[in-house]
Amino acid sequence: MCDILNIGHIPVRIAEGRPQTAYQIQPLQDPRWAEFVDRHPRSSVFHSVPWLEALYRTYGYRPIAYTTSSPGNRLEDGLVFCRVTSWITGQRLISLPFSDHCEPLVNNASDEQVFVSALEQTLHWEKWRYIEIRPIQPLAAATSLYRSTQRYCCHHIDLRPDLATLFGNCHKSSVQRKILRADREGLIYETGRSDALLEAFWNLLLTTRRRHLIPPQPKNWFHNLINCFGGALQIRVAFKDRHPVASILTLQHKNTLVYKYGCSDTRFHNLGGTQLLFWRSIQEAKRDGLGVFDLGRSECDNTGLITFKDRWGSARSALTYARFSLSPPSEMFGRNAMEWAERIARGVVPCLPDRILRMVGSALYKHIA
């Protein structure tokens, strides 16, 4: 027999022989969460309160977290999700939307098993379409739920070597020469969070997303990121004769700099603007004593992006997302649906005026997570 324990308003089934209890907390209201994330050695920017707050302000996603730490005690573990409710794509729990990865912050396999058992019971009682976890390390916990997976690549640059070594680790023609070319061309580098830099970034993003045949994220998302992260967020822009040619947006969490968004004008790719921005990011991260530059997630079939990141002397690793459901998934991670949507986008996006394309992005992103 198994015991059923009430956790808030959600009954959770705990497997026999595992007496631990899972509690549900609200990270944006519980001050223990921010302290826990700051203290935990494996936490990332995607666990942080600013990231969760920006998700809530922009998309209305309410974060919840599971922990084995009882009320009033210091948090020792946690697994955070957002509730995503959509009349188009259904109700689900995702850890976390629009996040490259979100490692369950557990201390041992037993805690991971408690969380998976709690999620299994949540699925049964609340009838979520599925629960998705985006760990750095593959989940090992046993479950009776149906499981599907999707693999991605992730790149990190170890910033502990000196700048000369980091530069020498870069590909000679694709990176080193492009950085030197940017200097010769007189590209101007600016960084900050001003309205002018956001506008330059946004216009390049709109151009880039149109080139990739997908709508842009809501502009309000970037306003909220700036307001929530403050100085931990930097918009970096390269200009040629005051014309923005490339831009990236980075976030800082503890000793890690995270590359989250990038965009550019293809007419100026030969000037090395993007390479200049990444190199300046590395230089400033070294100056500030950071230890890691997280280059983010790439789809495994995006060989161009993977090659670009490889050429910075980065270490490549695999990410395996896991999706749990009560019934067999009709499509592996919605792949067929995504291919169908991409076919429509290829025919529609090039024809849409900028104003309509922005409206489509603002209406769509809440539903895709």
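Above: the structure in question.
Here we look at the overall build of the protein
Inference 1: Counting its secondary structure elements, the protein contains 11 helices and 14 strands.
Inference 2: Expressed as a percentage of the 369 residues in the protein, the buried residues total 50%.
Inference 3: When the accessible surface of the protein is totalled, it reaches about 17000 Å², and 51% of it is carbon and sulfur.

Looking at unusual backbone geometry
Inference 1: Cis peptide bonds are those with omega within 30 degrees of zero, and the linkage from S95 to L96 qualifies with -5°.
Inference 2: The residue L96 is located in the loop between β6 (90–95) and α3 (109–126) in this model.
Inference 3: Of note, R242 is a non-glycine position whose phi angle comes to about 70°, a positive value.
Inference 4: If you trace the backbone, R242 turns up in the loop between β10 (233–240) and β11 (243–253).
Inference 5: The backbone of K254 shows a phi angle near 50°, a positive value even though the residue is not glycine.
Inference 6: Mapped onto the elements, K254 comes out in the loop between β11 and β12 (256–264).

A look at the side chain of D111
Inference 1: Tracing the sequence through the fold places D111 in helix α3.
Inference 2: Of the residues examined, D111 reaches a relative accessible area of 4% and is grouped as buried.

Focus on the layout of surface pockets
Here the idea is plain: a probe the size of a water molecule rolls over the atoms and shows the empty space left.
Inference 1: Of the pockets and cavities examined, the second largest pocket occupies roughly 380 Å³.
Inference 2: Lining of the second largest pocket is provided by 18 residues; of these, R42, S43, I136, H156 and T256 occupy positions nearest its centre.
Inference 3: Taken together, the elements giving at least two residues each to the lining of the second largest pocket come down to β12 and β13 (292–299).
Inference 4: Residue composition of the lining of the second largest pocket, by class: 5 nonpolar, 9 polar and 4 charged.

Re the packing of helix α6 (residues 195–211) against helix α7 (residues 219–229)
Inference 1: The geometry of α6 relative to α7 is characterised by a closest axis approach of 11 Å and an angle of 145° between their N-to-C directions. As α6 packs across α7, the resulting crossing turns out to be right-handed. Packed against α6, whose contacting residues are L198, E199, F201, W202 and L205, the element α7 presents K219, F222, H223 and I226 at the interface.
Inference 2: Considering only residue class, the contact of α6 with α7 consists of 6 nonpolar, 1 polar and 2 charged.

Overview of the nonpolar core
Inference 1: Ranked by size, the top nonpolar core spans 46 residues in total, and within it W33, W51, F201, W221, F222, L225 and I235 carry the most contacts.
Inference 2: Of all hydrophobic cores here, the second largest spans 26 residues; its members include Y189, A238, L277 and W312.

Considering the environment of G273
Inference 1: Checked against the element boundaries, G273 lands in helix α8 (residues 273–287).
Inference 2: A relative accessible area of 5% means that G273 is categorised as buried.
Inference 3: Along the backbone, G273 and P244 are 29 residues apart, and their C-alpha atoms lie at a distance of 9.2 Å.
Inference 4: Dropping the residues within four chain positions of it, G273 is found in contact with L187, A238 and A246.

Here we look at the packing of helix α2 (residues 49–59) against α7
Inference 1: Where α2 contacts α7, the two axes come as close as 9 Å, and the packing angle between them is 145°. Here α2 and α7 pass one another in a crossing that is right-handed. Here P50, W51, E53, A54, L55, R57, T58 and Y59 of α2 come into contact with α7, specifically with N220, W221, N224, L225, N227, C228 and F229.
Inference 2: For the contact of α2 with α7, the class distribution of residues is 9 nonpolar, 4 polar and 2 charged.

Details of the side chain of R92
Inference 1: Tracing the chain through its elements places R92 in strand β6.
Inference 2: For R92, the side chain forms a polar contact with the side chain of T89, separated by 2.9 Å.
Inference 3: Beyond its immediate stretch of four places on either side in the chain, R92 contacts C82, R83, V84, S86, W128, Y130, H367, I368 and A369.

A look at the pairing of β11
Look at any regular strand and the pattern is simple: side chains alternate between the two faces of the sheet.
Inference 1: For β11, the tally of buried residues reaches 9 of 11 residues, placing the bulk of the element in the interior.
Inference 2: In this sheet, β11 lies alongside β10 in antiparallel orientation, the contact comprising 8 bridges. Counterpart to A238 in the pairing with β11 is A246.
Inference 3: Between β11 and β12, which pair antiparallel in sequence order, lie 2 residues; one of them, K254, sits at a positive phi of approximately 50°.

Quick notes on the packing of aromatic side chains
Inference 1: Counted under the stated rule, the structure contains 19 aromatic pairs.
Inference 2: With a centroid separation of 5.0 Å and an interplanar angle of 80°, the aromatic rings of F46 and W51 are classed as edge-to-face. Just as F46 is buried, W51 falls in that class too.
Inference 3: Here the aromatic rings of F278 and F308 are separated by 5.4 Å at their centres, their planes lie at 75°, and the arrangement is edge-to-face. Here F278 is found in helix α8, whereas its partner F308 is found in helix α9 (residues 303–310), with 30 residues between them in sequence.
Inference 4: Looking at F278, the relative accessible area reads 3%, which means it is buried.
Inference 5: Taken together through their ring pairs, the aromatic side chains of F46, W51, Y59, Y61, F98, W221 and Y365 make up a single cluster.

Analysis parameters
- Residues numbered from 1 in each chain as written.
- Predicted model: local features only at pLDDT ≥ 70, side-chain atom pairs only at ≥ 80, totals over all residues.
- Heavy atoms only, no water.
- Helix = DSSP H or I, 4+ residues; strand = E, 2+ residues; numbered from the N terminus.
- Buried < 20%, exposed > 50% of the residue type's maximum accessible area, 1.4 Å probe, protein only.
- Areas by Shrake-Rupley, 256 points an atom, 1.4 Å probe, with all protein chains shown as cover.
- 1 Å grid on protein atoms, 1.4 Å probe; cavity = no way out; pocket = protein on both sides within 12 Å on 5 of 7 lines; lining within 4 Å.
- Points joined across faces, edges and corners; volume = space filled by probe spheres on them.
- Nonpolar A, V, L, I, M, F, W, Y, C, P; charged D, E, K, R; others polar.
- Axes fitted to C-alpha atoms, helices over the stretch in contact; angles between N-to-C directions.
- Left-handed = near helix turned anticlockwise from the far one by under 90°.
- Contact = heavy atoms within 4.5 Å.
- Core = buried A, V, L, I, M, F, W, Y, C linked by side-chain atoms within 4.5 Å.
- Polar contact = N/O pair within 3.5 Å; in protein donor to acceptor, adjacent residues only side chain to side chain.
- Pairing = 2+ DSSP bridges.
- Phe/Tyr/Trp six-rings, centres within 6.5 Å; stacked < 30°, edge-to-face > 60°.

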